[in-house]
Amino acid sequence: MELAWRILGSPLRCLGVPAAAGGELKSLLQGFPTLQPAPAETIDLRLDADGGSLLLTDGAGERWDVSGGDAPLSSHLEYRLVNEAIRRDSGRWILHAGAVAGPRGTCLVIGESGAGKTSLTLWLWAHGLRLATDDLCPLVRGTLVPEVFPRALHMDAEYSPELNARIPPRPAGYPADYYPFPGRAGDPVHPVSDLIVIERGPFPEGRLEPMGQSEAAHRLTQAVIKSPTFDFGQALADMIALASRCRSHLLRSSTPEGAGRTAFALLAGG
Amino acid sequence: MQPREERDPKIGLESGTVFVLAPGVRLEPLGDGSAVLYSRDLDQSLSLNHTAALLCSYADGQHTIATVVQEMSQIFPESAIDEEALFDCLRDLEARRFLRWS
């Protein structure tokens, strides 16, 4: 099976995908434009059986074993395609961040791994804010306009029962750990107006503290994925500019419900 | 507050010491009074609060610590300047190679 998409500006094609995995992959990447036919400059990733393993190769010496672990093949392929697109993109900063659209504009949610970014992003989405992206948020370099990154959310943890009750059933065709879906690449997104840095903290109800611009710039720079096109000085300059034009808060909470309610009150309150 | 006169032989820091940003280090002031220090050589940045940002704004190779304390006292006449905290901040920045004595 041959499948091709444009992801972050890069035309990427996956060759040799079994039909079942191809169907799941189409579901996961449904928000990206498909390429039919694929243009000549398309980057091909080819899937081949190698003994008991499945190897993905890029024709330029890179090869990845995509048969290991509990994750389905479609998840491995999706990860490699997205990773390849990020590696090749020189026009955007890609942040480890959730993003939702609030009344004032787009709110980025950043934090260390395990701090609760996905939980908080899901909570805000489930309470009516439009989902712009899962934990990867592209920002156009220079203008710092955020973009929808239509990769389905990866729900691989225990979530609040209150949150789970609000999430509609997973559509058919999604691998077990993916849902919900943020929309389509190219959907308009408002400029960034808010930044929430989430941390585990001692407060069950969640507590917000205003964050200084320098700390916000520092945290944003840390959240940028260090791809081969990453330049620390340029990234910092852009993140300083972004921090200067948005409202930043540190949110500490020991519960996802407390974090969700506090963040929602902040964003819905304008 | 009197400037500290005793010398720390390990650090070489005294009130007459002049300090300067290390080569390749840039101070980026922000609108809220905080600042970011960026080292191109280290590929690292530091977030500075208002006081540290103000302190680093004197890192021009001209100001001694004593003159900085004096100027800060004029800027904040109602507050006692914690000279030890300034020394600690400078030592920390020097240890991180963002600052050096000249």
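Please refer to the structure higher up on the page.
Residues numbered from 1 in each chain as written. Chains lettered and ligands numbered in written order. Predicted model: local features only at pLDDT ≥ 70, side-chain atom pairs only at ≥ 80, totals over all residues.

Q: I tried to follow the overall build of chain A on my own but got confused; where do I start?
A: Per the secondary structure count, chain A includes seven helices and 13 strands. Taken over the C-alpha atoms alone, chain A extends approximately 55 × 40 × 30 Å along its principal axes. Looking at chain A residue by residue over its 270 residues, the buried ones come to 45%. In chain A, of all internal contacts separated by at least 6 residues, the share reaching a separation of at least 24 is 73%. (Helix = DSSP H or I, 4+ residues; strand = E, 2+ residues; numbered from the N terminus. Buried ≥ 20, exposed ≤ 12 C-beta atoms within 10 Å, placed from the backbone. Contact = placed C-beta atoms within 7 Å.)

Q: How do you make sense of the overall build of chain B when you look at a structure like this?
A: Looking only at helices and strands, chain B has three helices and six strands in total. When the helices and strands of chain B are read in sequence order from the N terminus, they spell out β-β-β-β-α-β-α-α-β. A sequence separation of at least 24 residues applies to 54% of the contacts in chain B between residues at least 6 apart.

Q: Would you explain the interface of chain B and chain A in this entry?
A: Taken residue by residue, the interface counts 14 residues in chain B and twelve residues in chain A. When its residues are assigned to classes, the side of chain B that touches chain A shows five nonpolar, five polar and four charged. (Nonpolar A, V, L, I, M, F, W, Y, C, P; charged D, E, K, R; others polar.)

Q: Before we go on, may I ask you to explain the nonpolar core in this structure?
A: Residue and element names in this part refer to chain A. The biggest cluster of nonpolar side chains holds 101 residues, and the ones touching the most others in it are Leu95, Val100, Leu108, Val109, Ile110, Leu124 and Leu220. Each of domain 1 (3–88) and domain 2 (92–268) contributes no fewer than three residues to this core. Not counting residues up to four positions away in its chain, the partners in contact with Leu124 are Val100, Leu129, Gly260, Ala263, Phe264 and Leu267. (Core = buried A, V, L, I, M, F, W, Y, C linked by C-beta atoms within 7 Å. Domains from an automatic or database assignment.)

Q: Please explain the sheet that holds strand S3 (residues 43–50) of chain A as it appears in this structure.
A: Strand pairing in a sheet is mediated by backbone hydrogen bonds. Such pairs are either parallel or antiparallel. Residues and elements named next belong to chain A. Reading across from one edge, S1-S2-S3-S4-S5 is the order of the five strands in this open sheet, with mixed pairing throughout. Looking at which strands have only one partner, the edges of the open sheet turn out to be strand S1 (3–7) and strand S5 (63–65). In this sheet, adjacent strand axes meet at a mean angle of 20 degrees when their direction is disregarded. Sheet topology places strand S2 (residues 10–15) next to S3; four bridges connect them, and they run parallel. Bridge pairing in S3 links Arg13 to Asp44. (Pairing = 2+ DSSP bridges. Axes fitted to C-alpha atoms, helices over the stretch in contact; angles between N-to-C directions.)

Q: Just to check I follow, could you spell out the packing of helix H1 (residues 19–28) of chain A against helix H2 (residues 73–88) of chain A for this structure?
A: Packed helix pairs are characterised by how far apart their axes lie and by the angle those axes make with each other. All names here are of chain A. Packing of H1 against H2 brings their axes to within 8 Å, and their N-to-C directions diverge by 50 degrees. Compared by their axis directions, H1 and H2 come out oblique. The way H1 lies across H2 gives a crossing that is right-handed. For the pair formed by H1 and H2, the contact residues are Ala21, Glu24, Leu25 and Leu28 on the first element and Leu73, Ser74, Leu77 and Glu78 on the second. Counted by class, the contact of H1 with H2 contains five nonpolar, one polar and two charged residues. (Parallel < 35°, antiparallel > 145°, perpendicular 65-115°, else oblique. Left-handed = near helix turned anticlockwise from the far one by under 90°.)

Q: Where do I start with unusual backbone geometry in this structure?
A: The bulk of non-glycine residues show a negative phi, and the bulk of peptide bonds are trans. Residues and elements named next belong to chain A. The omega angle of the peptide bond from Gln36 to Pro37 is 5 degrees, so this bond is cis rather than trans. As for its position among the elements, Pro37 is in the loop between H1 and S3. Between Tyr179 and the following residue, Pro180, the backbone shows a cis peptide bond with an omega angle of 0 degrees. In this fold, Pro180 is placed in the loop between helix H4 (161–164) and strand S11 (192–200). Within the chain, Leu8 stands out as a residue other than glycine whose phi angle is a positive 50 degrees. By the element assignment, Leu8 lies in the loop between S1 and S2. Residue Leu8 is classed as buried on the basis of its C-beta count, with 22 C-beta atoms lying within 10 Å. The residue Tyr179 is located in the loop between H4 and S11 in this model.

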